[in-house]
There are 2 protein chains.
Amino acid sequence: MSTEKHILHYETSAPKDKPAADDPLAFGTIFTDHMFVMDYTDGTGWHDPRIEPYKPFLLDPAAIVLHYGQTVFEGLKAYLNEDKEVVLFRPEENMKRLNRSNDRLCMPMFDEKFVLSALKELISLDKDWIPDREGTSLYVRPFIFATQPYLGVAPSKTYRLMIILSPVGPYYKEGVNPVKIAVESQYVRAAVGGTGSAKTAGNYAGAMKAQEVAEAEGYSQVLWLDAKEHRYIEEVGAMNVFFKINGEIITPSLNGSILEGITRKSVIELLIDWDIPITERKVSIDEIMEANRAGTLEEAFGTGTAAVISPIGELFYDGEKCEINHNEIGELSLKLYETITGIQTGKVEDPYNWVVPVD
Amino acid sequence: MSTEKHILHYETSAPKDKPAADDPLAFGTIFTDHMFVMDYTDGTGWHDPRIEPYKPFLLDPAAIVLHYGQTVFEGLKAYLNEDKEVVLFRPEENMKRLNRSNDRLCMPMFDEKFVLSALKELISLDKDWIPDREGTSLYVRPFIFATQPYLGVAPSKTYRLMIILSPVGPYYKEGVNPVKIAVESQYVRAAVGGTGSAKTAGNYAGAMKAQEVAEAEGYSQVLWLDAKEHRYIEEVGAMNVFFKINGEIITPSLNGSILEGITRKSVIELLIDWDIPITERKVSIDEIMEANRAGTLEEAFGTGTAAVISPIGELFYDGEKCEINHNEIGELSLKLYETITGIQTGKVEDPYNWVVPVD
Ligand SMILES: Cc1ncc(COP(=O)(O)O)c(C=O)c1O
Ligand SMILES: Cc1ncc(COP(=O)(O)O)c(C=O)c1O
């Protein structure tokens, strides 16, 4: 894990036009002037960390990533807080998870402190790209992929780590709105023993088909069930999921096939701090449908970096529609949303030291 | 599916040195002078089919393939037959499977006849690269990947299809040798409802970890069990698998999580033609271990484009070593190997029209 600690700067001589103040900033479509790049070579380790102008790069047609999908990524956000300081939310957790994903995919570990400092250096350089309307942020995407030109199925001997930045608009345009979710009964996202707990490309490619079917039927995302019995709840699209039944909060336990979300972790820590009963355990779709029929399913919500908290207004399973909390945001969902986004923007105190300044 | 049918040629002005006649031609490391490229744009369809010099190409850092793994591929071989003609083995089957993989990954279909003709045109142009020692061939790798720069998880609106060629040495250096295979009891390759029956990158990335563990223990590949009960046999690394028990041949049925191998299909067709009983059904690892203990497991072999037939000399499962046919190639395995490679090289008659000339 030798890491050359000095980051060379090759800054752009032709900065791009920034989006207009009222640009809706559609997610993941606009990129800033610079990117961070670092290469890995077997025997040498990670080398040549540098900041360059954002631009297409050369890849060999036989690069392992194109054929055998050795690639991992992370997603986090930088915010301008109330005092116009640039802050991150628990970024060390993203660095840790990226290294865990690396391990599952037989990819080389990196120095988490160093890459976090590089990430901050990049954001500082492009900080004029951070939008400052309510709810906007700078989406940060670190990713690593296999570059060796080799058609044998084996871990690559060379890799590239990149960080790119994208200004994004508010997730909710008009207040926090509940979503309709279809429970997936045919396709499977991940199995225990597979790659589900890693943030790796194949999990997302495989999920697109079910998502396409659900969208065609008017649902915004898919709730995945387990690969074994098609009975236990896993997670939603790019979110973990929580249910409030009879005052108790339940979320599927980390069984090896779901992603360990950082928002999930934060929600659990808040609930414990608030003395609200929270249990991580197996939870079946039947239990949820029954609780709804019995009137004890009080709230359901997804958690993830993009939406923070996404209340679920309707679940569709096996021909049955289950409306939750009259398709309105629940009290607890709202409190969690306001607390976490409040901490992120500096409106609410941060007793947990979750917020990390960039400068 | 509009396809511009005329393939432009941009031939290299600097042909590379070809490998020496005695080069071992390590699999997937040497590439010929040219490649075929075609692009896809939503609304327009596939366009600009062309043959270009083999070289790295520009990819946007936000290209969907790097983040969400939308990519599929195929693998087949071109051979110089006894009469020094260039032939392919059942290439229409690879085209069909590539389109089936596309469908699972929400990627656009292509015109199979047209891409097969492009593949032949490319091979013809680079035919001096085809090695002609016994057992050598030209490996052909068609692949398609998502190129749109977009960080939302959704099917790409643009794709690229490429075909690259690589001269490869004989799979067996000194006669057909049995391999030792470890039965995988922790990791899972694919689940029913997942992407196992598609030839897509994520399946291979996820499989590397188990392969690494098996190799460290002296096994050359992993035999996968099903995701549900961890009991039924799926396939081996990049091969389907067959067992001969008491004179009857058994192979796992196409349950949705294993790849529909073209060698598998050919073996089944040969066995039927030879009046040898062949059954496609669920087969548990316990059944195989028991047959071995009872002395009724006569042969076991993998099938795939790379090795054609790969006899299994030893299975390791749950602490128990199971030696098969005294670690020697079985009579049927040998007959299948000689028939299929014989048909490919023109030494054996081809009553099935499996062999397709390139010119
Ligand atoms: C599959 C999946 N599950 C859950 C999450 C939520 O994780 P986090 O809260 O860290 O954003 C994500 C990503 O953001 C995801 O991609
Ligand atoms: C996972 C997997 N199974 C089986 C096979 C065998 O298929 P085929 O006989 O078409 O080469 C392959 C590839 O070649 C493969 O990648």
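Residues numbered from 1 in each chain as written. Chains lettered and ligands numbered in written order. Predicted model: local features only at pLDDT ≥ 70, side-chain atom pairs only at ≥ 80, totals over all residues. Heavy atoms only, no water.

1. What about the pairing of strand E10 (residues 179-183) of chain A?
Residue and element names in this part refer to chain A.
- Extensive coverage of E10 is indicated by the burial of 4 of its 5 residues.
- As judged from the 4 bridges shared by E10 and strand E17 (residues 308-317), these two strands associate in the parallel manner. Looking at the pairing, Ala182 lines up with Phe316 of E17.
- Where E10 and strand E11 (residues 221-225) come together, 3 bridges link them in parallel fashion. (Buried < 20%, exposed > 50% of the residue type's maximum accessible area, 1.4 Å probe, protein only. Helix = DSSP H or I, 4+ residues; strand = E, 2+ residues; numbered from the N terminus. Pairing = 2+ DSSP bridges.)

2. Considering helix H4 (residues 201-216) of chain B
Residues and elements named next belong to chain B.
- Between the first and last C-alpha of H4 there are 23 Å, a value that for 16 residues agrees with the 22 Å anticipated at 1.5 Å per step.
- Its maximal kink placed at Met208, H4 deviates by approximately 35°.
- All of the buried residues along H4 are Ala201, Asn203, Tyr204, Ala205, Gly206, Ala207, Met208, Lys209, Ala210, Gln211 and Ala214.
- The positive-phi residue at the C-terminal boundary of H4 is Gly218, with phi of around 90°. (Expected span 1.5 Å × (residues − 1). Bend = angle between axes of the 7 residues up to and from the residue.)

3. Some words on unusual backbone geometry
All names here are of chain A.
- Phi is positive for Leu25, close to 50°, though the residue is something other than glycine.
- Relative to the assigned elements, Leu25 resides in the loop between strand E1 (8-9) and strand E2 (34-41).
- With a phi angle near 55°, Asp318 is a residue other than glycine that sits in the positive phi range.
- If you trace the backbone, Asp318 turns up in the loop between E17 and strand E18 (320-323).

4. Quick word on the site of ligand 2
Residues and elements named next belong to chain B.
- Close to ligand 2 lie 16 residues, the nearest being Tyr204, Glu235, Ile262, Thr263 and Thr305.
- In the environment of ligand 2, an oxygen atom lies 2.5 Å from a nitrogen or oxygen atom belonging to the side chain of Tyr204.
- Grouping the constituent residues of the shell around ligand 2 by class yields 5 nonpolar, 7 polar and 4 charged. (Near = heavy atom within 4 Å. Polar contact = N/O pair within 3.5 Å; in protein donor to acceptor, adjacent residues only side chain to side chain. Nonpolar A, V, L, I, M, F, W, Y, C, P; charged D, E, K, R; others polar.)

5. Brief notes about the interface of chain A and chain B
- Taken together, the 57 residues of chain A in the interface contact 58 residues of chain B.
- Taken together, chain A and chain B are joined by 2 salt bridges.
- As a salt-bridge pair, A:Lys209 and B:Asp103 come within 3.2 Å of each other at their nearest N and O atoms.
- Of all the secondary structure elements, the ones that give two or more residues to the side of chain A that touches chain B are strand E4 (57-59), helix H1 (64-68), strand E5 (71-73), helix H2 (91-104), strand E8 (137-146), strand E9 (158-168) and helix H4 (201-216) of chain A.
- At 8 residues, the largest contribution of residues to the side of chain A that touches chain B is made by H4(A).
- Sheet analysis places E4(A) next to strand E4 (residues 57-59) of chain B, joined by 3 bridges and oriented antiparallel. What sits directly across from A:Phe57, in E4(B), is B:Leu59. (Contact = heavy atoms within 4.5 Å. Salt bridge = Lys/Arg side-chain N within 4 Å of Asp/Glu carboxyl O.)

6. What about the packing of aromatic side chains?
Residues and elements named next belong to chain A.
- Enumeration according to the criterion identifies 30 aromatic pairs over all chains in this entry.
- Taken together, a centroid distance of 5.8 Å and an interplanar angle of 20° make the contact between Phe143 and Phe145 stacked.
- Classification of Phe143 by relative accessible area gives buried; the value is 0%.
- Taking the centre distance of 5.0 Å and the plane angle of 75° together, the rings of Tyr171 and Tyr172 count as edge-to-face.
- Residue class for Tyr172 comes out buried when judged on its relative accessible area of 12%.
- Grouping aromatic residues by their ring pairs yields a cluster made of Tyr40, Trp46 and Tyr159.
- Over the face of the ring belonging to Tyr232 we find Lys282, whose NZ or CZ atom lies 4.3 Å from the ring centre. (Phe/Tyr/Trp six-rings, centres within 6.5 Å; stacked < 30°, edge-to-face > 60°. Lys NZ or Arg CZ within 6 Å of the ring centre and 35° of its normal.)

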